[in-house]
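Below, each chain spelled out in residue letters.
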Amino acid sequence: MTTNHLLEIQQYGQSIWMDNLNRGIIQSGELKNLVENQSISGITSNPAIFEKAIANNAMYDDDIQAGIRTGLPTYKIYESLVFADIRNACDILRPIYESSHGLDGYVSIEVPPTIAHNTEASVAEARRYFQEIGRENLMVKIPGTAAGLPAVKQAISEGININITLLFSVDSYNKAAEAYISGLEKRSAQGQDISKIASVASFFLSRIDTNVDTKIEAKLKRGVDDIAHEAKLQAVRGKVAIANAKIAYQEYKKIVHSQRWQALAAKGAKVQRLLWASTSTKDPKYTDVMYVDELIGPDTVNTLTPETIAACAHHCNVASRLETGIDQAYQLIESLKDPDIDINLNIVMEELLVEGIDKFIKPYQSLMNSLENKVKLLSPV
C-alpha cells in the first residue's frame with residue numbers, strides 16, 4: 001500500500017487545507033472522505049473558485065429558481081448559493097474543529113473583492129457573513145490592504161474569525177499580525193473572551209516567483225555582460241517566494257515570543273498561523289510540490305488545490321525544512337539589490353497586490369453576469 005504523504009505532514013505540526021469548494025464534492029461525499037481519510041482539516045474559497053463551481057452548473061438551478069420566485073436580486077441569489085455550500089462544508093468539518101479545540105476545521109469565505117479598499121464596507125460584510133452563515137468554524141477573508149487591515153482589527157475585536165488574504169511581503173505579514181493582536185487587545189480590554197477567536201495570515205507564494213522570474217527573463221533577453229552576470233540572475237529564479245516565506249516565519253517566531261503576545265496567550269488567545277497560499281507551481285520547470293516540500297514546519301497551514309493535494313499525497317518529500325537555510329534566505333532577498341540583478345521587491349509586492357485583487361474582482365463580476373443571464377433564462381415568461 002502506498003504512503004499518503006499528506007498524513008506525514010501532520011506529524012510536523014502543519015495543517016493541510018484545501019483551496020476548493022463546490023456543491024458536487026459536498027453531495028457526493030468526496031469532501032467528507034477528504035476530511036476523514038486524507039488529512040484535509042480546512043477549506044479556503046475565493047470568487048474564482050465559486051465562479052468555476054456555479055457558472056454553467058445545473059446543480060444550482062433549483063436554488064436559483066427559488067431565489068427568483070422570492071424576488072431576490074442577483075447578488076442575494078449568489079449569496080444564497082454560496083452560503084448554503086459554506087454552511088454544509090462547515091458542518092462536515094465541525095468534528096475537526098471540536099477535536100482540535102478550534103485550531104482547525106475552518107471554512108473560509110471572502111468578502112466581495114470590490115470592497116477591498118473600503119474599511120467600513122469590509123467590516124459590515126464580515127459581520128453580516130458571520131451572522132448569516134451562523135457557524136463558529138467560519139473564517140471570513142479580508143485582504144491585507146491599507147483599508148482591509150483596520151477592518152481586520154475591528155472584526156477580530158467583535159469575535160469574528162478572520163483569514164487575512166493577499167499577503168505578499170514580510171512587511172504586510174507583520175501588519176496583518178499587528179491587526180490581529182490589536183483586535184484581541186481591544187476585545188480583551190472590553191472584558192470579552194478572546195479564547196475562541198482564530199485567524200490565519202495567508203502568505204502567497206507562486207505568484208511572487210512568476211513575477212520575479214518574468215523580470216529575470218526580460219533582463220536575459222535584453223542581454224547580459226558576461227557569464228557571471230547571467231549566473232547571478234539564474235541563481236534567484238524560482239527561489240524568492242520560498243526565501244520570503246521563511247523570513248516571514250522568523251517574524252512569526254519573534255511575535256509569539258514577545259511579551260505583548262504572551263500576555264494575550266495567558267488569556268487563552270490562539271496564535272495567528274501563517275497559511276501558505278498560491279502553492280500550485282506555475283512553471284513546469286519546477287517540481288509540482290516545491291511550495292509544499294520546502295515549507296513544512298510547525299504552527300503553519302498549507303492550502304492546496306485538489307491537483308496539488310493529489311500530487312503531494314503521491315510524491316511529497318516530507319521533512320521539516322521551514323527553518324533550514326535561513327541565512328541563505330536573507331542573503332538571497334538581499335541579493336536582489338545587486339546592480340546585476342536589480343529587482344525591487346517592494347515594487348513586485350505592490351504589483352502583486354493590485355493584480356491579486358483584480359484576479360478576484362474579474363471572476364466575481366463574471367459570476368454575477370453569468371448568474372444574471374441564468375436568472376433571465378430560468379425566470380418564467
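Above: the structure in question.
Throughout, residues of each chain are indexed from 1 in the direction in which the sequence is written. Where totals are concerned, whole chains, interfaces and linings use all residues; where local detail is concerned, this predicted model gives features only for residues with pLDDT of at least 70, and gives and counts side-chain atom pairs only at 80 or more. Heavy atoms from the whole structure form the basis of all side-chain values; hydrogens and water molecules are not counted.

**Focus: the packing of helix α6 (residues 74-99) against helix α17 (residues 345-378)**
Inclusion rule: The axes are straight lines fitted to the C-alpha atoms, using for helices just the contacting stretch, and the angles between their N-to-C directions are given from 0 to 180°. For the purposes of this entry, the term helix denotes a DSSP run of H or I that reaches at least four residues, the term strand denotes a run of E that reaches at least two, and both are numbered from the N terminus. Here the angle decides the label: under 35 degrees means roughly parallel, over 145 means roughly antiparallel, 65 to 115 means roughly perpendicular, and every other value means oblique. It only takes one pair of heavy atoms within 4.5 Å for two residues to be counted as in contact. For this classification, Asp, Glu, Lys and Arg are treated as charged, while Ala, Val, Leu, Ile, Met, Phe, Trp, Tyr, Cys and Pro are nonpolar and the rest, including Gly, are polar.
In the contact formed by α6 and α17, the axes pass within 10 Å of each other and the chain directions differ by 105°. Relative to α17, the element α6 is oriented roughly perpendicular. Residue-level inspection shows Thr74, Tyr75, Ile77, Tyr78 and Leu81 of α6 in contact with α17, the latter providing Tyr364, Leu367, Met368, Leu371, Glu372 and Val375. For the contact of α6 with α17, the residue count by class is nine nonpolar, one polar and one charged.

**So, the packing of aromatic side chains**
Convention followed: Ring pairs shown here join Phe, Tyr and Trp side chains whose ring centres sit within 6.5 Å, with only the six-membered ring taken for Trp; geometry is labelled stacked below 30 degrees between planes, edge-to-face above 60, and tilted in between. Three exposure classes are used, based on accessible area relative to the maximum for each residue type with a 1.4 Å probe and protein chains only: buried under 20%, partly exposed in between, and exposed over 50%.
Scanning all chains against the criterion turns up eight aromatic pairs. Here the aromatic rings of tryptophan 17 and tyrosine 106 are separated by 6.4 Å at their centres, their planes lie at 45°, and the arrangement is tilted. Residue tryptophan 17 is found in strand β1 (residues 14-19), and its partner tyrosine 106 is found in strand β3 (residues 106-110); the two are separated by 89 residues along the sequence. There is no split in this pair, since tryptophan 17 and tyrosine 106 are both buried. Taking the centre distance of 6.2 Å and the plane angle of 75° together, the rings of phenylalanine 203 and tryptophan 276 count as edge-to-face. A residue pair is termed long-range when its members are at least 10 positions apart, and phenylalanine 203 in strand β6 (residues 199-204) and tryptophan 276 in strand β7 (residues 273-277) qualify at 73 residues.

**Thoughts on the pairing of β7**
How we decide: Only strands joined by at least two bridges in the DSSP assignment are considered to pair.
The buried fraction of β7 is high, at five of five residues. Burial along β7 is two-sided: the residues Arg273, Leu275 and Ala277 and Leu274 and Trp276 are all buried. In the sheet, β6 pairs with β7 via five bridges, with the strands oriented parallel. Across the sheet, residue alanine 201 finds its bridge partner in β7, namely leucine 274. By the bridge criterion, three bridges tie β7 to strand β8 (residues 300-304) in an arrangement that is parallel. Paired with tryptophan 276 across the bridge in β8 is asparagine 302.

**Some words on the state of the cysteines**
Heads up, the rule is: For this text, the term disulfide refers to a pair of cysteine sulfurs within 2.5 Å.
For the coordinates displayed, the defined rule picks out one disulfide. With a sulfur-sulfur separation of 2.2 Å, cysteine 312 is cross-linked through a disulfide to cysteine 316. Residues cysteine 312 and cysteine 316 share a disulfide whose torsion about the S-S bond is about -110°; that sign makes it left-handed. Since its relative accessible area comes to 0%, cysteine 312 is described here as buried.

**Focus: the pattern of salt bridges**
This is how the line gets drawn: The term salt bridge refers to a side-chain nitrogen of Lys or Arg lying within 4 Å of a carboxyl oxygen of Asp or Glu.
All chains considered together, the criterion is met by 28 salt bridges. With its nearest N and O atoms 3.5 Å apart, the salt bridge here joins glutamate 132 to arginine 128. Of the two residues, glutamate 132 and arginine 128 are both situated in helix α7 (residues 119-133); the distance of four residues between them amounts to about one turn of the helix. Overall, glutamate 132 belongs to the partly exposed group, its relative accessible area being 36%. Note on arginine 128: relative accessible area 16%, which makes it buried. Of the charged contacts, one joins lysine 232 and aspartate 338 as a salt bridge, the two residues approaching to 3.0 Å between their closest N and O atoms. Of this pair, lysine 232 sits in helix α11 (residues 227-236) while aspartate 338 sits in the loop between α16 (326-335) and α17; the two residues are 106 residues apart in sequence, bridging distant segments of the chain. Classification of aspartate 338 by relative accessible area gives partly exposed; the value is 24%. If you follow the salt bridges from partner to partner, you end up with Lys76, Glu79, Glu125, Arg128 and Glu132 in one network.

From the geometry alone we can't say anything about function, so treat these as descriptive.
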